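The chain contents come next:
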Amino acid sequence: MLKKPLLGQTQAELKEVANELGMPSFSARQITDWLYKKKVRTIDAMTNLSLNRREKLKENYTIGCSDYTQVQNSVDGTRKYLFPVSGDKFVETVYIPDKERATICISSQVGCKMNCLFCMTGKQKFASQLSSGEILNQILSLPECEQLTNYVFMGMGEPLDNEFELFKTLEIMTADYGLALSPKRITVSTVGVPKLQRLLEETNCHVAISLHSPYHEERLSLAPAEKAYPAEKIIELIKQYDFSRQRRISFEYILFGGLNDDRKHARDLVRFLSGIPCRVNLIKYHPIPNVNLPGTNTEQMVPFRDYLSSHGIISTIRSSRGEDILAACGMLSTKKNYEL
């Protein structure tokens, strides 16, 4: 019988584990502390549990941590790790150091259902959801775990399509009993699926919307999710919430040369986002195989950024990191060959 992982269980769930094994309720607090504060990797390390209780726990449970199997190093300091997950599958996780910031780009699915035209993960197709333990393992088993300052759900998959496990993960990351992170250090990226409303109501994490065009038909050609979850409806929803103090709302906008990077797009994007205190992150398109989309460069992105900024929308050009190891935006996929 396969042992169940403890990692990824909430405090309430660990209380049920303790009760099931006939342990006193305070044992759940001890287990939680060992998992998320002390970050132990074996049940034997939980030394304030009696030997008898540790043995009971080991009969049916395991910590649930797994080490990465491979790593790639970029010339710019970015590192991409390959982590095993259930079903003999893998996901990629990216570590991005930048002066005083250290960011982890976290995956939430093996593959992705959204099939955005510009994204390698979508070309891999959807294979499975990650459990909360498998999501947290990417953080806790990262060699740079203690250096992290920012946590972004921008890796493989659509986070809100894995609703149950994502919200468990966010609870553990922000709860006092868990990693006790400020939600202001966490950003959840989404193409805009229905559970966005729950994310806005139940968390204070930053939110990043994958937009790429102010026009329905054009966005639909880039992100098929536009058909079911049109950007217009996303904007209507966002306008119901106060983003002035609670959290940051941003829009991810990949620039494609001669497609969505002209003055008309900039002007209509300003109009589209009118009334929302937000920022726009401009992203360079990173070409992927068998997709005929035009690229751009930083010099071409500057006028677009300056137009948005001059019309009251904070706009930044995101630095392209890890492109040489296929770790940049839209390039994650375990379907391709992976070399050390």
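One can find the structure itself at the top, above this paragraph.
Note that the structure is predicted; figures quoted are calculated from it, not measured.

Caption draft 1: Fine view of the overall build of the protein. Counting secondary structure elements, the protein contains 11 helices and 14 strands. Taken over the C-alpha trace, the protein has a radius of gyration of 21 Å; the compact-globule value for 340 residues is 20 Å, and the two agree within 12%. Dimensions along the principal axes, computed over C-alpha positions, put the protein at roughly 70 × 45 × 40 Å. Relative to its full complement of 340 residues, the protein shows a buried share of 54%. By sequence separation, contacts in the protein at least 24 residues apart represent 66% of the contacts at least 6 residues apart.

Caption draft 2: Representation of the side chain of His206 in the model. Its location among the elements puts His206 in strand E11 (residues 206-210). Residue His206 is classed as buried on the basis of its relative accessible area, which comes to 7%. A distance of 2.8 Å separates a polar atom in the side chain of His206 from the backbone nitrogen of Arg248. Discounting chain neighbours no more than four positions away, the residues touching His206 are Pro183, Lys184, Ile186, Thr187, Val188, Arg247 and Arg248.

Caption draft 3: Region of interest: the sheet that holds strand E6 (residues 101-105). Strand order across the open sheet formed by 10 strands is E3-E4-E5-E6-E9-E10-E11-E12-E13-E14, with mixed pairing between neighbours. Two strands close off the open sheet at either side, each with one partner strand: strand E3 (70-73) and strand E14 (314-317). Going from strand to strand, the sheet's axes swing by 20 degrees on average, the running direction of each strand aside. Taken together, the 6 bridges between strand E12 (residues 249-255) and strand E13 (residues 279-284) define a ladder with parallel strand orientation. In the strand pairing of E13, Tyr253 is matched with Leu282.

Reading the values: the criteria
- Residues numbered from 1 in each chain as written.
- Predicted model: local features only at pLDDT ≥ 70, side-chain atom pairs only at ≥ 80, totals over all residues.
- Heavy atoms only, no water.
- Helix = DSSP H or I, 4+ residues; strand = E, 2+ residues; numbered from the N terminus.
- Rg over C-alpha atoms; globule rule 2.2 N^0.38 Å.
- Buried < 20%, exposed > 50% of the residue type's maximum accessible area, 1.4 Å probe, protein only.
- Contact = heavy atoms within 4.5 Å.
- Polar contact = N/O pair within 3.5 Å; in protein donor to acceptor, adjacent residues only side chain to side chain.
- Pairing = 2+ DSSP bridges.
- Axes fitted to C-alpha atoms, helices over the stretch in contact; angles between N-to-C directions.

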